[in-house]
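# Overview (structure and organization)
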Amino acid sequence: MKWLGLVAVLLAAGAAQAADMTVLRYVDQDPGDPPYLTRIFVTPAYLRMDDGRDDGDFVLLDRRAKKVINVMRGNGLAMVFSPGALPAKPAGWQPALDVQPGAPGTRRFQLSVNGVVCSEGVAAERAAPDAARALAEFKAVLAVTQYRVWKDSPPEIQHACDLANQVWESGATLGLGLPLEEREFTGRSRRFESEVKEPMRPELFRIPENTPEIAAPS
């Protein structure tokens, strides 16, 4: 029942007097690499994702314009990703999302394709619901780009789970609630660390002055 106290804190924060933005912190880890912090700011208009530094690189989702902007301060550029039409799902595409009750307030999930578990983890059903929606919106904007990357990859490294996690089922597990734990078939993992409410800081959601915006390949 290790999630009992955590879920209680999340629900209490959601019920408290609303501040202007939600701040999430996750510990992410890629296979063979040390863990690292991912900080996520969520407002009704934006989602910002960074490594915890206000003045570092960041990725910004404009929720109203439905575009993602990758700000690379060292290069002085901002790469803009826009949504587009995805091709039809292949014949026989039958993903399976298995959901089981977890500790109170949570659900355990497994997303599988062709009998292979693509992602699994724990979601908090009612914690920070707008943050979960914003994360799903973020993945939806990038789905066309993720498909292009998959299609252009050598056949030997193309995997149906990439299409499930990043393209056609990209928001499936986020529809269950805010992720507390997640592990993908690649070995990449994410673990929830904290959620707080903070007053709005508009400067965090602005593209730095004199930074040209370049459209990403479609």
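Higher on the page you've got the structure.
What counts and what doesn't
- Residues numbered from 1 in each chain as written.
- Predicted model: local features only at pLDDT ≥ 70, side-chain atom pairs only at ≥ 80, totals over all residues.
- Heavy atoms only, no water.
- Buried < 20%, exposed > 50% of the residue type's maximum accessible area, 1.4 Å probe, protein only.
- Helix = DSSP H or I, 4+ residues; strand = E, 2+ residues; numbered from the N terminus.
- Contact = heavy atoms within 4.5 Å.
- 1 Å grid on protein atoms, 1.4 Å probe; cavity = no way out; pocket = protein on both sides within 12 Å on 5 of 7 lines; lining within 4 Å.
- Points joined across faces, edges and corners; volume = space filled by probe spheres on them.
- Nonpolar A, V, L, I, M, F, W, Y, C, P; charged D, E, K, R; others polar.
- Phe/Tyr/Trp six-rings, centres within 6.5 Å; stacked < 30°, edge-to-face > 60°.
- Lys NZ or Arg CZ within 6 Å of the ring centre and 35° of its normal.

The buried count for helix 3 (residues 160-168) comes to 7 of 9 residues, which makes it a mostly enclosed element. Within helix 3 the residues assigned to the buried category are Cys161, Asp162, Leu163, Ala164, Asn165, Val167 and Trp168. Lining the buried residues of helix 3 we find strand 8 (106-113), strand 9 (116-124), helix 2 (129-152) and strand 10 (178-184).

Attention now moves to empty space enclosed by the protein. A full pass over the atoms with the stated rule returns 1 cavity of 30 Å³ or more. The calculated volume of the largest cavity comes to roughly 50 Å³. Lining the largest cavity are Leu111, Ser119, Lys139, Ala164, Asn165, Glu169, Ser170, Thr173, Glu182 and Glu184. Elements represented by at least two residues in the lining of the largest cavity include exactly helix 3 and strand 10. In terms of residue class, the lining of the largest cavity is built from 2 nonpolar, 4 polar and 4 charged.

Take the packing of aromatic side chains next. Applying the stated criterion to the full structure yields 6 aromatic pairs. Ring plane angle 80° and centroid distance 5.7 Å describe the contact between tyrosine 26 and phenylalanine 192, whose orientation is recorded as edge-to-face. Note that tyrosine 26 is positioned in strand 1 (residues 21-29) and phenylalanine 192 in strand 11 (residues 189-198), a separation of 166 residues in sequence. When its relative accessible area of 5% is taken as the criterion, phenylalanine 192 is described as buried. In this structure an aromatic cluster arises from ring pairing among Trp93, Tyr147, Trp150 and Trp168. Taking the ring centre of phenylalanine 58 as reference, the NZ or CZ of arginine 48 above it sits at 4.1 Å. A cation over an aromatic ring shows up here: arginine 190 above the ring of tyrosine 26, its NZ or CZ 4.7 Å from the ring centre.

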